[in-house]
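One letter stands for each residue in the lines below.
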Amino acid sequence: MAGLIRQVFRSNFTQRLPAALAQSHRFFSAEGNAPQTFTKEVLQKLVNTNKVVVFMKGNPEAPRCGFSNAVVQILRMHGVQYDAHDVLQSDELREKIKEFSEWPTIPQVFINGEFVGGCDILLQMHQSGDLIEELKKVGIESLLLQEANETDNKKEGK
Amino acid sequence: MSKYTAKYLEEKLAKELDAQYVQAVDESDGCGGKFSVVIVSDKFKGLKMLQKHRMVNSVLAEELKEIHAFSQKSYTPEEWEKVQQEKQ
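What you see is a predicted model; the values in this text were computed from it and never measured.

Turning to the side chain of His126(A), a few remarks are in order. Residues and elements named next belong to chain A. By the element assignment, histidine 126 lies in helix H5 (residues 119-128). For histidine 126, a relative accessible area of 15% puts it in the buried group. Those residues in contact with histidine 126 that sit more than four places away from it in its chain are Ile74, Met77, His78, Leu131 and Leu144.

Right, let's talk about empty space enclosed by the protein for a bit. Considering all chains together, one arrives at one cavity of 30 Å³ or more under this definition. Forming the boundary of the largest cavity are 16 residues, of which Trp103(A), Thr105(A), Cys119(A), Asp120(A) and Phe70(B) lie nearest the centre. Those elements that place two or more of their residues in the lining of the largest cavity are H5 of chain A together with helix H2 (49-59) and strand E3 (69-75) of chain B. Grouping the amino acids of the lining of the largest cavity by side-chain chemistry returns nine nonpolar, six polar and one charged.

To continue, consider the packing of aromatic side chains. Residues and elements named next belong to chain A. Using the criterion set out here, one finds seven aromatic pairs over all chains in the structure. Where phenylalanine 100 meets phenylalanine 110, the ring centres are 6.1 Å apart and the plane angle is 40°; that geometry is what we call tilted. In this pair, phenylalanine 100 is assigned in helix H4 (residues 91-101) and phenylalanine 110 in strand E6 (residues 108-111), connecting sequence segments 10 residues apart. Since its relative accessible area comes to 18%, phenylalanine 100 is described here as buried.

This next bit is on unusual backbone geometry. Residues and elements named next belong to chain A. At the junction of isoleucine 106 and proline 107, the peptide bond is cis and its omega measures out at 10° in the coordinates. Checked against the element boundaries, proline 107 lands in the loop between H4 and E6. For glutamate 102, which is not a glycine, the phi torsion comes out positive at approximately 50°. Turning to its location among the elements, glutamate 102 is positioned in the loop between H4 and E6. Residue glutamate 102 is classed as exposed on the basis of its relative accessible area, which comes to 62%.

Further remarks concern the nonpolar core. In terms of nonpolar packing, the biggest core is built from 40 residues, with Val52(A) and Phe55(A) touching the most fellow members. Top contributing element to this core by residue count: helix H3 (residues 66-77) of chain A, with six residues. If you look at the next biggest cluster of nonpolar residues, it comprises 18 residues, including Leu17(B), Val37(B), Phe44(B) and Leu60(B).

Let us now look at H4(A). Among all positions in H4(A), only Leu93(A), Ile97(A), Phe100(A) and Ser101(A) are buried. One face of H4(A) carries all of its buried residues, which in axial projection span an arc of 75°. Seen from the buried face of H4(A), the exposed residues on the opposite side, beyond 90 degrees, are Asp91(A) and Glu99(A). Turning to H4(A), the residues buried within the fold contact helix H2 (40-48), strand E2 (52-56), strand E5 (82-86), E6 and strand E7 (114-117) of chain A together with H2 of chain B.

Okay, the packing of H2(A) against H4(A) next. A pair of packed helices is captured by two measures, namely the crossing angle of their axes and the spacing between those axes. All names here are of chain A. It is at 10 Å that the axes of H2 and H4 come closest, and there the two elements cross at 85°. One finds that H2 runs roughly perpendicular with respect to H4. For the pair H2 and H4, contact is made by Lys40, Leu43, Gln44 and Val47 and by Leu93, Lys96, Ile97 and Phe100, respectively. Per-class residue counts for the contact of H2 with H4 are five nonpolar, one polar and two charged.

This next bit is on the pattern of salt bridges. Residue and element names in this part refer to chain B. Counted according to the given criterion, the structure contains 12 salt bridges over all chains. The shortest N-O distance in the salt bridge between aspartate 42 and lysine 45 comes to 3.3 Å. In this structure aspartate 42 comes out as partly exposed when scored by relative accessible area, which is 44%. If you follow the salt bridges from partner to partner, you end up with Asp42, Lys45 and Glu78 in one network.

Looking now at the layout of surface pockets. One number sums up the size of the second largest pocket: a volume of about 400 Å³. Lining of the second largest pocket is provided by 17 residues; of these, Lys98(A), Pro104(A), Thr105(A), Leu64(B) and Lys65(B) occupy positions nearest its centre. When contributions to the lining of the second largest pocket are tallied by element, the ones reaching two or more residues are H4 of chain A together with H2 of chain B. In terms of residues, the lining of the second largest pocket owes the most to one element, H4(A), which gives four residues.

Conventions and cut-offs
Residues numbered from 1 in each chain as written. Chains lettered and ligands numbered in written order. Predicted model: local features only at pLDDT ≥ 70, side-chain atom pairs only at ≥ 80, totals over all residues. Heavy atoms only, no water. Helix = DSSP H or I, 4+ residues; strand = E, 2+ residues; numbered from the N terminus. Buried < 20%, exposed > 50% of the residue type's maximum accessible area, 1.4 Å probe, protein only. Contact = heavy atoms within 4.5 Å. 1 Å grid on protein atoms, 1.4 Å probe; cavity = no way out; pocket = protein on both sides within 12 Å on 5 of 7 lines; lining within 4 Å. Points joined across faces, edges and corners; volume = space filled by probe spheres on them. Nonpolar A, V, L, I, M, F, W, Y, C, P; charged D, E, K, R; others polar. Phe/Tyr/Trp six-rings, centres within 6.5 Å; stacked < 30°, edge-to-face > 60°. Core = buried A, V, L, I, M, F, W, Y, C linked by side-chain atoms within 4.5 Å. Arc of directions from axis to C-beta. Axes fitted to C-alpha atoms, helices over the stretch in contact; angles between N-to-C directions. Parallel < 35°, antiparallel > 145°, perpendicular 65-115°, else oblique. Salt bridge = Lys/Arg side-chain N within 4 Å of Asp/Glu carboxyl O.

And the structure:
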């Protein structure tokens, strides 16, 4: 796990993160949702509420699991705005989201309402560049891509 | 805590997935709750990453109820060769 986090942080981009991005997500605690019955329909609505929706342990300011933290860091690097749901606030949500996505572990990432994967998959998508493409498909321009373009423009300007 | 060991996972994955290479590492300091595995199998051919991972998850459905931290890298033999070359 430590190696994984280090891998994520190894990117040069983390050093130049605009402070404004710290508020790039809407955080939902399951406690506020009434009634607390996470039926398929409710979960489907939940994953469709934003282009990127994450179910994690803890919240983006304070992830309570290394895998959830890795997902938060990756999305932060790409400057993605997303909804985050803390499954530790609700045992029901924690179980029902696993059934919903047929995926046994947390964190879980949804893009455009579709299940994308957990930490391993998001990390591999990040490393391969696929994440930039997937984000582009739903109209999100990755911050990494913007920065790369700016660098290119500067070079051409010289 | 779980009753599973790296050796157990390697044997099960090798058998169920016809894997030509499996490496499981117990990262839990022995309590058996945290593993990372690398699996190379022909069965992954033509599958997207999510489908590969789902296949592995379904083989370990029972085990993953107890193993709370599980990380996997699943490759076809061709992909694995590439990965090995990049490491050199």
